[in-house]
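Single-letter residue listing:
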Amino acid sequence: MRSRVTVMTVGLAAVLLALCAGLLWAAPYTKIIWEGEDVAKLPGKVFSVKKKVEDPSGKVSGNKVLAVPKLDPGEKVVREDIVYTVKVPADGRYYLWARTFWTTGCGNSFFVKVQGYDSGEWIIGGDGTYNILHWVCLSDTGDNKSRPRPLILKKGTVAITFGSRESGTMLDQVVLTTDPGFQPAGIYKATANALVK
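A short tour of the structure in this document, coming up. These numbers were taken from a predicted model, which means no experiment stands behind them.

1. Points about the pattern of salt bridges
Throughout the structure, instances matching the rule amount to seven salt bridges. Between Glu121 and Arg79 there is a salt bridge, with its nearest N and O atoms 2.9 Å apart. In this pair, Glu121 sits in the loop between β8 (109-114) and β9 (122-125) while Arg79 sits in the loop between β5 (64-68) and β6 (81-88), placing the two residues 42 residues apart along the sequence. Overlapping salt bridges, with partners in common, bring together Arg79, Asp81, Lys113 and Glu121 in one network.

Structure follows, in structure tokens:
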């Protein structure tokens, strides 16, 4: 009888320790996904919605992208902003990823601003993967593949702005996630009602 009580006590202690460590009760990660072309208002000067069915990476989500046209060498891109008003379901630390298409080293980035961050804007992209859709993260370390910048966001809505910076750039999908280890690949189903329109 004593050994049975000891086993039960040890078993209960192990369960409590695991719960405290978060091993058995880990909260699921949040992913908010939207289409690049799913904008409330298209300013109409620089950005356009372009039909694009496939590229070397495979299919394009929704067969459309948000695009900045390819300009002639030496021609400067006019600055224009696209604002996504994203519904944030809970307070937390979020990470931003974008599925992008670059043409050259002079056409491989967007400006990004996040509401609540008064430090100005960042650059997403700048990597050397060209002529194929691929995922890049918002990063302040220069590593656009695996070290995303944490964004502290509150429950409610947040405005995330993508700005034109270089020509020949495309935006297919965007993911905002609480999972720091998330490594996106391919296409994801958009989250229903992810954006306020």
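From this point, the narrative continues.
2. Quick look at the layout of surface pockets
Counted as a void, the largest pocket has a volume near 220 Å³. Lining the largest pocket are 14 residues; nearest its centre among them are Val77, Cys106, Arg165, Glu166 and Ser167. Residue classes in the lining of the largest pocket are distributed as four nonpolar, four polar and six charged.

3. Digging into empty space enclosed by the protein
Under the criterion given, the structure shown has one cavity of 30 Å³ or more. A volume near 30 Å³ is recorded for the largest cavity. If you go around the largest cavity, the residues you meet are Asp38, Val39, Ala40, Val83, Tyr84, Thr85, Leu195, Val196 and Lys197. Among the elements of the structure, β6 and β14 (195-196) are those that each provide at least two residues to the lining of the largest cavity. Among the elements that make up the lining of the largest cavity, the one with the highest residue count is β6 (three residues). For the lining of the largest cavity, the per-class residue count stands at six nonpolar, one polar and two charged.

Each value, and the rule that gives it
- Residues numbered from 1 in each chain as written.
- Predicted model: local features only at pLDDT ≥ 70, side-chain atom pairs only at ≥ 80, totals over all residues.
- Heavy atoms only, no water.
- Salt bridge = Lys/Arg side-chain N within 4 Å of Asp/Glu carboxyl O.
- Helix = DSSP H or I, 4+ residues; strand = E, 2+ residues; numbered from the N terminus.
- 1 Å grid on protein atoms, 1.4 Å probe; cavity = no way out; pocket = protein on both sides within 12 Å on 5 of 7 lines; lining within 4 Å.
- Points joined across faces, edges and corners; volume = space filled by probe spheres on them.
- Nonpolar A, V, L, I, M, F, W, Y, C, P; charged D, E, K, R; others polar.

All we've got here are geometric facts, nothing functional implied.
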